[in-house]
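Spelled out, the chains give:
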Amino acid sequence: MVDRLVDFIRAGGEVYPVILAEFGGRFYLVDGRLRIETCRRLGIRVIPAMIIPVESEEELRRLIGGCKG
């Protein structure tokens, strides 16, 4: 899957934002693990991100548990 994303981005495709949750001054990856790995392979150091402020640990667990990759 990462190889296909690498080819897509090399061909001029857009890097879609990863989704991060912010809680307690820290950031947690909710969605975008494959995009991060793809960007690492391509040497891309800045990745667009959508940041979701989270109010509780329960909300954080729901967000992280609700997305795959």
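Attention in this report is confined to the structure presented alongside it. Just so you know, these numbers come straight off a predicted model, no measurement behind them. (Residues numbered from 1 in each chain as written. Predicted model: local features only at pLDDT ≥ 70, side-chain atom pairs only at ≥ 80, totals over all residues. Heavy atoms only, no water.)

To continue, consider the pattern of salt bridges. Using the criterion set out here, one finds 4 salt bridges in the structure. Arg35 is paired through a salt bridge with Asp31; the nearest N and O atoms lie 2.8 Å apart. An identical accessibility class is assigned to Arg35 and Asp31; each is buried. The residue Glu57 makes a salt bridge to Arg61 at a minimum N-O spacing of 3.7 Å. Here Glu57 and its partner Arg61 are both found in helix α3 (residues 57-66), 4 residues apart, which amounts to about one turn of the helix. Given a relative accessible area of 56%, Arg61 falls into the exposed group. One network of salt bridges, with partners in common, ties together Asp3, Glu37 and Arg41. (Salt bridge = Lys/Arg side-chain N within 4 Å of Asp/Glu carboxyl O. Buried < 20%, exposed > 50% of the residue type's maximum accessible area, 1.4 Å probe, protein only. Helix = DSSP H or I, 4+ residues; strand = E, 2+ residues; numbered from the N terminus.)

Before going further, it helps to spend a moment on the sheet that holds strand β2 (residues 26-31). Pairing within the open sheet is mixed, and its 3 strands lie in the order β2-β1-β3. The strands lining the two open edges of the sheet, one partner per strand, are β2 and β3 (49-53). When strand polarity is set aside, the average angle formed by the axes of neighbouring strands in this sheet is 35 degrees. Two strands pair when backbone bridges link them, and strand β1 (residues 18-23) and β3 are joined in this way by 5 bridges, in the parallel orientation. Bridge pairing links Ile19 to Met50 in β3. Lying on the sheet, helix α2 (residues 33-42) is in contact with β1 and β2; it crosses β2 at an angle near 105 degrees. (Pairing = 2+ DSSP bridges. Axes fitted to C-alpha atoms, helices over the stretch in contact; angles between N-to-C directions. Contact = heavy atoms within 4.5 Å.)

As a further point, take the pairing of β1. Alignment of β1 against β2, held across 5 bridges, turns out to be antiparallel. Looking at β2, one finds that Glu22 is bridged to Phe27. Two successive antiparallel strands, β1 and β2, enclose a turn made up of 2 residues, where Gly24 displays a positive phi of approximately 60 degrees.

Its place among the elements puts Gly43 in the loop between α2 and β3. Given the relative accessible area of 52%, Gly43 is considered exposed. Separated by 13 residues in sequence, Gly43 and Val30 place their C-alpha atoms 22 Å apart.

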